[in-house]
Amino acid sequence: MKRVTIKDVAQEAGVSITTVSHVINQTRNIDPKTKERVLEVLNQLDYHPNMAARSLRSGKTKTIGLILPDISNLFFAEVARKIEDYGYQHGYSVILGNSDNDPVKQESYIHTLIAKQVDGVIFIAAGGEEHDLRPFFDNKIPVVVADRDVPLELADVVLLDNEQAGFEATRHLIDLGHRTIACITGPNNVTPSMQRFEGYKRALQDYGIPFQPDLVEAGNFQFMSGEVGMQKLLKNPHKPSAVFVLNDMMAIGAITAAHKAGLSVPADLSIVGFDNIEIASAVNPALTTMAQPIDDIAQKATNMLIERLQSIRTEENMRVILPAQLIVRDSTCIRRGS
Ligand code: RIB
């Protein structure tokens, strides 16, 4: 079946191609009656713009690429959802590349997004070795790096103050009288986990609490690693009375392990998470956590990219650091005997 063109619409509506284009793109006020006639014909002929032809003409595809490590992690799912919302509000479609925390797959998506001629990219690194984003710059595709810092001076950056957030999460447990405080970390090759862990150690040091390496278990930001990490900590002769877990997915796993071991959270064991994903308030007990400003992160990253794409902002790269906020719920309490 022959594709309906803008020329067909113009002929059928009895107007110029320019008029039809202005109606479609809302780029000029058109006489209401004429506009109504054009809209009627667009609908009647079931017209769909030829995006390939349009992007050839304009050099723009009105698409944004989003590369992130794990869409099954509710933090990234919520960030992706917000970025898609903000992109759509500005007339951009979003193409998602889920790297599965795999630098090789991530590299593949970098080249796929270039091939698809996205106008710009929001990039959350899989972690690990330095990420070569230069293919984007070589193709004049602006990038905003979010959440995980990359040692590059070539991109706008939106990050969280992870070290201070790790300090405040640990101080919350210290203020409740806990002195044997364990930590379940995320992958040790991504900046958010490393920085939160530094904040945990700084809080212990500031309050004169010795750092004990056997109270630290490494996770991978996924649910199961939180459960396994907690099981190991519970076998430790040095039983912790509290645990700082470096993201909510693992913290929910840690609560599960505590319950399976017959422990009460928080009476026997206080647990603090990180992210404040939507489900954190719905688990039992509701999770005390460090809330990331997910909406802010998504909005700032999207707006910074679009300002760059629309040449509203041409100056040197911006680096935005956002604070987290402690949300106290039911998974922490005063240490028994305090
Ligand atoms: O839950 C996933 C974690 O990885 C979040 O804490 C986020 O900061 C990302 O780095």
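Please refer to the structure higher up on the page.
Predicted, not measured: the structure shown is a model, and the values here were computed from it.

> Looking at this model, I keep getting lost on the sheet that holds strand 5 (residues 156–160). Mind explaining?
Hydrogen bonds between backbone groups are what pair the strands of a sheet, and the pairing can be parallel or antiparallel. Taken in spatial order, the six strands of this open sheet run 2-1-3-4-5-11, and their pairing is parallel. The open sheet is flanked by strand 2 (93–98) and strand 11 (319–322), the only strands paired with a single partner. For this sheet the average axis-to-axis angle between neighbouring strands, irrespective of direction, equals 15 degrees. Bridge count between strand 1 (residues 63–68) and strand 3 (residues 120–123): four bridges; the pairing is parallel. Bridging from a neighbouring strand, Leu-66 pairs with Ile-122 of strand 3. Running at roughly 175 degrees to strand 1, helix 6 (residues 103–115) makes contact with strand 1, strand 2 and strand 3 of the sheet. Contacts from helix 12 (residues 294–309) reach strand 1, strand 3, strand 4 (143–146), strand 5 and strand 11, with the element oriented near 175 degrees to strand 5.

> When you look at the sheet that holds strand 9 (residues 270–275) in this model, what are you seeing that I'm missing?
Pairing is mixed across the open sheet formed by six strands, whose spatial order is 7-6-8-9-10-12. In the strand order of this sheet, the two ends are held by strand 7 (216–218) and strand 12 (325–327), each with one partner. On average, adjacent strands in this sheet sit at an angle of 20 degrees to one another, irrespective of strand direction. Looking at chain direction, strand 6 (residues 181–185) and strand 7 are connected through three bridges and run parallel. The residue bridging Ile-184 from the neighbouring strand is Glu-217, located in strand 7. On top of the sheet, helix 8 (residues 162–175) reaches strand 6, strand 8 (242–245), strand 9, strand 10 (288–291) and strand 12; it is set at about 160 degrees to strand 9, its chief contact. Taken strand by strand, helix 11 (residues 248–260) contacts strand 6, strand 8, strand 9 and strand 10, and its axis lies near 160 degrees from that of strand 9.

> What is the right way to read helix 6 from this model?
Side chains that are three or four residues apart share a direction in an α-helix, a result of its 3.6 residues per turn. The end-to-end C-alpha distance of helix 6 is 18 Å, a good match for the 18 Å that 13 residues give at a rise of 1.5 Å each. Of all the residues in helix 6, the buried ones are Gln-106, Ile-110, Leu-113 and Ile-114. The buried residues of helix 6 occupy an angular sector of 105 degrees when projected down its axis, which confines them to one face. In helix 6, the exposed positions that point more than 90 degrees away from the buried face belong to Val-104 and Ala-115. Its buried side turned inward, helix 6 meets strand 1, strand 2, strand 3 and helix 7 (134–138).

> Would you mind showing me how to read the side chain of Ser-331 here?
Secondary-structure assignment places Ser-331 in the segment after strand 12. Polar contacts involving the side chain of Ser-331 include one to the main-chain carbonyl oxygen of Ile-271, which spans 2.6 Å. Within the structure, the side chain of Ser-331 is placed 2.8 Å from the backbone nitrogen of Thr-288, a separation counted as a polar contact. Apart from residues no more than four positions distant in its own chain, Ser-331 is found in contact with Val-265, Pro-266, Leu-269, Ser-270, Ile-271, Pro-285, Ala-286, Leu-287 and Thr-288.

Conventions used here
Residues numbered from 1 in each chain as written. Predicted model: local features only at pLDDT ≥ 70, side-chain atom pairs only at ≥ 80, totals over all residues. Heavy atoms only, no water. Pairing = 2+ DSSP bridges. Helix = DSSP H or I, 4+ residues; strand = E, 2+ residues; numbered from the N terminus. Axes fitted to C-alpha atoms, helices over the stretch in contact; angles between N-to-C directions. Contact = heavy atoms within 4.5 Å. Expected span 1.5 Å × (residues − 1). Buried < 20%, exposed > 50% of the residue type's maximum accessible area, 1.4 Å probe, protein only. Arc of directions from axis to C-beta. Polar contact = N/O pair within 3.5 Å; in protein donor to acceptor, adjacent residues only side chain to side chain.

Honestly, it's all geometry; don't read function into it.
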